[in-house]
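# Examination of the molecular architecture
The lines below spell out each chain.
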Amino acid sequence: MGEHAAKTVLITGPASGIGWAAAQRFAAAGWRCVLVDRNGGALDRLVLGLPATAGAPHLVRVADLTQPDQIAALALGAPALDAIINNAGMSDSSNVPLAEQDAAQLARLVALNLDAPARVYAALARVLRPGARIVNVASGAGLHAIPWRGAYSPSKAGLIEQTKALARVRPELCVSALCPGFVRTELVETLIEAGRLDPARAVEKTPIGRMADPAELAEALFFLAGEGAPLSGQTLCVDGGSSVYGGSAACTPTPFAPLPLDTPLRLNVIDDTAERWAGMGRDGERECYPATLDASVLDADPGKRLAAVHAAAVRFASRHAKQASLTLLLPHEADDADWHAAGDSGAARMLVATLACEWGARALRINALAVNPQANAHTVTRLGPLVHFVAGAQAQFVTGQTWRAAD
Ligand code: NAD
């Protein structure tokens, strides 16, 4: 395979944690990786452990991404890229209250978490292959304010907005954000072992009742950057439902360890009367991950969608006690939608999130995809990879979410 044939991804911050898990996932799938980190020693060591690609070897580029000139230099000799994953990020553990921080303290964190993703894209835009994908690793902290961590939440909220804006101006690319919840990276494991971090506190805020393994984030990054993901401008929360949880009681720890992420999917389809979705079904044996795609809500009249989601949930819960997923198709709203029906639709989406919170500890998941009710066969086919990802074992930490599929 020649250099031009190998799919190539550039990953920032791959010397540890989520970035390293992602590099392993892409390399295992035959991608060539360009690894960009300030920690050159770790990169040189780690790259030896990556599965080799046929043809061109993986590349290591040492750069401090808070320095614009070092980002600009990444363009020199850069290979053609199919994807960029802006993953490098830092938190602020100084405990200094925001109003007592000087501008330089804020600026350093913002330079890495918010400015670097934009600069990396700008530096490498000319080597992107047609249809390339950009994934920015934000955080649940960008959706809810986390105090005493300096500008961490603002920088991640900014990154989510920047992602949406870039998706609008570059519609030919697929630009998306990943929001991880609590992840057991090596660093987090070390803190837990040293008694400096209590994993129970993280689990209390997570309906799925456990923390994520970095490999679960790597699966999501591989999906967003590598497959037909019609989620441009959107955010994928891989957070066990923590971003939708608003309860005051502690979430219950789950007794269920996740199934292997490559467990095959068995997908049962409950179609709407237009019968366009059955082709997404997957047969499987007993050891498969059981999932349901339910399109029945597309048949519900405006004003009846909350009731239809509830009926679908009752049906699913009567068949599954644990470790299974329900993916609902909801009709997405036209901008001029009948205002009388808007409350019902909003209630239906929040019912999805609320069910996710009630079901989480049993590893029962529910997500929804808002689709054009008149979706044609082409749209249905294009949504296949997204449905199979969300419904499947790779997404066992994804629950309570509703995305809008592009037409
Ligand atoms: P990590 O600290 O384990 O790894 C960060 C990587 O970025 C390291 O390889 C580090 O060397 C590199 N890096 C740091 N500063 C850099 C700089 N100035 N220039 C170049 N490289 C630099 O982090 P992680 O926990 O794997 O997190 C990865 C991303 O996920 C971050 O953006 C983080 O904010 C986000 N995130 C993590 C969690 C979690 O629970 N771990 C939760 C939500 C979001």
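Residues numbered from 1 in each chain as written. Predicted model: local features only at pLDDT ≥ 70, side-chain atom pairs only at ≥ 80, totals over all residues. Heavy atoms only, no water.

## Details of the nonpolar core
Note the threshold: The definition of a nonpolar core used throughout is a set of buried Ala, Val, Leu, Ile, Met, Phe, Trp, Tyr and Cys residues joined through side-chain atoms within 4.5 Å. Burial status follows relative accessibility: with a 1.4 Å probe on protein chains alone, a residue under 20% of its type maximum counts as buried, one over 50% as exposed, and anything between as partly exposed. Throughout, the edges of the domains are those of an automatic or database domain assignment. Contacts: residue pairs with any heavy atoms within 4.5 Å of one another.
In this structure, Phe26, Ile85, Leu178, Leu236, Leu267 and Trp277 are the most contacted members of the largest nonpolar core, which totals 61 residues. For this core, the domains that each give at least three residues are domain 1 (8-180) and domain 2 (265-404). The contacts of Phe26, once residues within four sequence positions are left out, are Val9, Ile11, Trp31, Cys33, Ile85, Leu221, Phe222 and Ala225.

## Observations concerning the packing of aromatic side chains
Worth spelling out the cut-off: Paired rings are identified among Phe, Tyr and Trp, the last through its six-membered ring, by centres lying within 6.5 Å, and are further divided according to the angle between planes into stacked (under 30 degrees), edge-to-face (over 60) and tilted (the rest). Each helix is a run of DSSP H or I of at least 4 residues and each strand a run of E of at least 2, with the numbering of both proceeding from the N terminus.
A full pass over the atoms with the stated rule returns five aromatic pairs. The interplanar angle of 70 degrees and the centroid separation of 5.0 Å between the aromatic rings of Phe26 and Phe222 together place this pair among those described as edge-to-face. Of this pair, Phe26 sits in helix H1 (residues 17-28) while Phe222 sits in helix H8 (residues 214-226); the two residues are 196 residues apart in sequence, bridging distant segments of the chain. Phe222 matches Phe26 in its accessibility class, with the two residues each being buried. Both rings, one in Phe223 and one in Phe389, keep their centres 4.3 Å apart while their planes meet at 0 degrees; by these two values the pair is stacked. Taken together, the residues span a long stretch of sequence, with Phe223 in helix H8 and Phe389 in helix H11 (residues 377-391) at a distance of 166 residues. Residue classification places Phe389 among the buried residues on the basis of a relative accessible area of 4%. In this structure an aromatic cluster arises from ring pairing among Phe26, Trp31 and Phe222.

## Some details on helix H2 (residues 40-47)
Our working rule: The arc in question is traced by the directions running from the helix axis to the C-beta atoms.
Looking only at H2, the buried set comprises Gly40, Ala42, Leu43 and Val47. The buried side chains of H2 occupy one side of the element, clustering within an arc of 155 degrees when seen end-on. Buried residues belonging to H2 abut strand S2 (32-37) and strand S3 (59-62).

## Focus: empty space enclosed by the protein
This is how the line gets drawn: A 1.4 Å probe that fits but cannot get out identifies a cavity on a 1 Å grid over protein atoms alone, an open set with protein on both sides within 12 Å along at least five of seven lines counts as a pocket, and a residue lines either if it has an atom within 4 Å of a point. Grid points are joined across faces, edges and corners, and a volume is the space filled by probe spheres set on the points.
Evaluation of the coordinates by the stated rule reveals three cavities of 30 Å³ or more. Taken as a whole, the largest cavity encloses approximately 80 Å³ of empty space. In terms of lining residues, the largest cavity is bounded by Ile208, Arg210, Thr254, Phe256, Ala257, Pro258, Tyr289, Gln323, Ala363, Arg365 and Gln396. Computed from the structure, the second largest cavity encloses a volume of approximately 40 Å³. Taken together, Ile270, Thr292, Asp294, Ala312, Arg315, Phe316, Arg319 and Leu326 make up the lining of the second largest cavity. Secondary structure elements with two or more residues in the lining of the second largest cavity: strand S9 (289-294) and helix H9 (305-319). Per-element accounting of the lining of the second largest cavity gives the leading share, four residues, to H9.

## Here's the deal with the domain arrangement of the protein
What the domain assignment lists for the protein is domain 1 (8-180) and domain 2 (265-404). A separation of 32 Å is found between the C-alpha centroids of domain 1 and domain 2.

## Comments concerning the site of the ligand
Stated formally: Whether a residue is near a molecule or strand depends on its heavy atoms: if one lies within 4 Å, it is near. Residues adjacent in sequence count toward polar contacts only when both atoms are side-chain atoms; beyond that, a polar contact is any pair of N or O atoms within 3.5 Å, and within protein one must be able to donate a hydrogen and the other to accept it. With residues, only the protein chains shown are counted as cover, and all accessible areas are computed by Shrake-Rupley using a 1.4 Å probe.
Close to the ligand lie 24 residues, the nearest being Ser16, Ile18, Asp37, Asn87 and Tyr152. Interatomic distance of 2.6 Å between a side-chain N/O atom of Asp37 and an oxygen atom of the ligand. Take Tyr152: an N or O atom from its side chain is 2.7 Å from an oxygen atom of the ligand. Summarising the interface, the protein chains cover 87% of the accessible area of the ligand, which totals 820 Å² for the free molecule.

## Regarding the sheet that holds strand S7 (residues 235-238)
Put simply, the rule reads: Two strands pair under a simple rule: DSSP has to find at least two bridges between them. Whenever a helix is involved, its axis is fitted only over the stretch in contact; in every case the axis is a line through C-alpha atoms, and angles between N-to-C directions fall within 0 to 180 degrees.
Across the sheet, seven strands lie side by side as S3-S2-S1-S4-S5-S6-S7; this open sheet has parallel pairing. Across the chains shown, the open sheet's two edge strands, defined by having one partner strand only, are S3 and S7. The mean inter-strand angle of the sheet, taken between neighbouring strand axes irrespective of direction, is 20 degrees. Relative to S3, H2 is tilted by about 175 degrees, and along the sheet it contacts S2 and S3.

## As for the environment of Ala80
Along the chain, Ala80 turns up in the loop between helix H3 (68-72) and strand S4 (81-86). Of the residues examined, Ala80 reaches a relative accessible area of 28% and is grouped as partly exposed. Along the backbone, Ala80 and Ala125 are 45 residues apart, and their C-alpha atoms lie at a distance of 9.8 Å. Not counting residues up to four positions away in its chain, the partners in contact with Ala80 are Thr8, Val127 and Arg129.

## Observations regarding the pattern of salt bridges
Put simply, the rule is: Just to be clear on terms, a salt bridge is a Lys or Arg side-chain nitrogen sitting within 4 Å of an Asp or Glu carboxyl oxygen.
Scanning the model with the defined rule gives eight salt bridges in all. Lys164 is paired through a salt bridge with Glu161; the nearest N and O atoms lie 3.2 Å apart. On the criterion of helical spacing, the pair formed by Lys164 and Glu161 is a turn pair, its members being three residues apart in helix H5 (residues 152-169). A relative accessible area of 29% places Lys164 in the partly exposed class. Between Arg184 and Glu189 there is a salt bridge, with its nearest N and O atoms 2.9 Å apart.

## Re the side chain of Lys156
One can find Lys156 in helix H5. Every residue in contact with Lys156, bar those within four places of it in the chain, is listed here: Asn113, Val137, Ala138, Ser139, Ala141 and Gly142.

## Some thoughts on the pairing of S3
To keep things clear, this is the line we draw: A clockwise course of the path from the first strand over the helix to the second, judged with the strands pointing away from the viewer, identifies a crossover as right-handed.
In the sheet, S2 pairs with S3 via four bridges, with the strands oriented parallel. The residue of S3 that forms the bridge with Val34 is Leu59. Each parallel crossover has a hand, and for S2 linked through H2 to S3 it is right-handed.

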